[in-house]
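Chains, contacts and geometry: an overview
Residue strings, one per chain:
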Amino acid sequence: MTQKGPAQREMEALLTAAFPDADFTLNNDSAAHHGHAGDDGSGESHFSLTIRWAGFAGQTRVARQRAVNKALGDMPGNRVHALAIRALAPGE
């Protein structure tokens, strides 16, 4: 198992704070993008997130993704090159 880096730990803490009782998995996909655009050599440039949270019920896909990006502040697009988000409500 690969150790989590500081960016991943920070994102997990921000998600936990913003989405109480959410079930989420944040995967570091950076190794698969080594040498590609956005690879800054940190080993923490590309992530994928699957998050299931009751608060997403009734929200559009875009609203859910905006909520995740807001919770992560300046990380997506700046400190993290790419973040694929799959945000679901329970039962989806």
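Scope of this entry: the structure provided in the associated data block. Along each chain, numbering runs from 1 in the same order as the chain's sequence is written. Per-residue local features are limited, in this predicted model, to residues with pLDDT of at least 70; the limit for side-chain atom pairs, both in listing and counting, is 80 or more; totals at the level of whole chains, interfaces and linings are taken over all residues. Only hydrogens and water are removed before side-chain values are computed, so all heavy atoms of the structure are retained for them.

**Re helix H2 (residues 61-71)**
Any residue under 20% of the maximum accessible area for its type is buried, any over 50% is exposed, and the rest in between are partly exposed; the area is computed with a 1.4 Å probe on protein chains only. Counting from the N terminus, the helices are DSSP H or I runs at least four residues long and the strands are E runs at least two residues long. Within the sequence span of H2, burial applies to Arg64, Val68 and Ala71. Each buried residue of H2 sits inside an arc of 65 degrees when the element is viewed along its axis, so together they form one side. Exposed residues pointing more than 90 degrees away from the buried face of H2 are listed as Arg66 and Lys70. If you follow the buried residues of H2, they end up packed against helix H1 (6-18), strand S2 (46-52) and strand S3 (82-88). Following H2 by one or two positions, Gly73 has its phi on the positive side, about 60 degrees. Throughout, the arc means the angular range of directions from the helix axis out to the C-beta atoms. When checking whether two residues touch, look at their non-hydrogen atoms; a contact exists if any pair is within 4.5 Å.

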